[in-house]
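Listed here are the chains, written in short residue letters.
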Amino acid sequence: MRLVVYSDQNMTISRKRCIESAKKYGIEDVHEWDEEMLHATEFYQLNPDIFQEGARGAGCFWLFKSYIIYKAMLDANDGDVILYMDAGVELINDPQYIINVMKEDVFLFGNNYYNHEWCKKDVIDTIIGDIYETDTETGITKICENPTYRQVQASVIFIRVS
């Protein structure tokens, strides 16, 4: 299993704790990222317009996550597991349990928040489609409360390379 973790200078101690917690469960292959490393990448150099000073999620609204996970997958073998964890996360139990019960190659945790409560409408329309329905009798438009529109947590992601 390979751990991928990122933090800027504000979360360095948390990043170290995250790594220490993973090592307690035998995870020795660690891809540790910081702001300086991210800024030295081709991804950063080719996409300066998505990085904004002061923006949340490393200045790019968390787009870096897919990049650093991708980089960890490049030299992984089929069947290897990549475990991405935000720097503030610490393992409190062996993650092998989750790997043993994974039915798909990606395992995410969910929450009870609906995407429309946290995302702009144009993002929802692009990713999910129109989630609004209008009652033909009253003309009232409301949001469909479909449970498939709930958020997933991106703070811990298990990926089996295939």
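Note that the structure is predicted; figures quoted are calculated from it, not measured.

1. Notes on the packing of aromatic side chains
Using the criterion set out here, one finds five aromatic pairs in the structure. The interplanar angle of 75° and the centroid separation of 6.2 Å between the aromatic rings of Trp33 and Tyr67 together place this pair among those described as edge-to-face. Of this pair, Trp33 sits in strand 2 (residues 29-34) while Tyr67 sits in helix 5 (residues 64-74); the two residues are 34 residues apart in sequence, bridging distant segments of the chain. In this structure Trp33 comes out as buried when scored by relative accessible area, which is 9%. Relative to Phe109, the ring of Phe107 lies with its centre 5.2 Å away and its plane at 80°, an arrangement referred to as edge-to-face.

2. A closer look at the side chain of Lys65
With respect to the helices and strands, Lys65 occurs in helix 5. Owing to a relative accessible area of 9%, Lys65 belongs among the buried residues under this scheme. In contact with Lys65, not counting residues within four places along its chain, are Tyr84, Asp86, Ala154 and Ser155.

3. With respect to the pattern of salt bridges
Close approach of charged atoms allows side chains with opposite charge to pair. Applying the stated rule across the entire model yields six salt bridges. Among the ionic pairs, Asp29 bridges to Arg2, the shortest N-O distance being 2.8 Å. With Asp29 in strand 2 and Arg2 in strand 1 (residues 2-7), the pair connects residues that are 27 residues apart, well separated along the chain. Of the charged contacts in the structure, one is a salt bridge between Arg15 and Glu32, with a shortest N-O distance of 2.9 Å. A residue pair is termed long-range when its members are at least 10 positions apart, and Arg15 in helix 1 (residues 12-23) and Glu32 in strand 2 qualify at 17 residues. A single salt-bridge network, built from bridges that share partners, covers Arg2, Asp29 and Asp75.

4. What about the side chain of Arg2?
According to the relative accessible area criterion, Arg2 is buried, its value standing at 11%. One polar contact links Arg2 to Asp75, side chain to side chain, over a distance of 2.7 Å. For Arg2, the residues in contact, after removing those within four places along its chain, are Asp29, His31, Ala72, Asp75, Ala76, Val81, Ile82 and Leu83.

5. Describing a nonpolar patch on the surface
Where nonpolar side chains cluster on the molecular surface, the patch consists of Val106, Leu108 and Val152 and spans about 240 Å² of accessible area. With respect to the helices and strands, the residue Val152 is situated in strand 7 (residues 150-160).

About the criteria used
- Residues numbered from 1 in each chain as written.
- Predicted model: local features only at pLDDT ≥ 70, side-chain atom pairs only at ≥ 80, totals over all residues.
- Heavy atoms only, no water.
- Phe/Tyr/Trp six-rings, centres within 6.5 Å; stacked < 30°, edge-to-face > 60°.
- Helix = DSSP H or I, 4+ residues; strand = E, 2+ residues; numbered from the N terminus.
- Buried < 20%, exposed > 50% of the residue type's maximum accessible area, 1.4 Å probe, protein only.
- Contact = heavy atoms within 4.5 Å.
- Salt bridge = Lys/Arg side-chain N within 4 Å of Asp/Glu carboxyl O.
- Polar contact = N/O pair within 3.5 Å; in protein donor to acceptor, adjacent residues only side chain to side chain.
- Patch = residues over 30% accessible without salt bridge, like charges linked within 9 Å, V, L, I, M, F, W, Y side chains within 5 Å.
- Areas by Shrake-Rupley, 256 points an atom, 1.4 Å probe, with all protein chains shown as cover.

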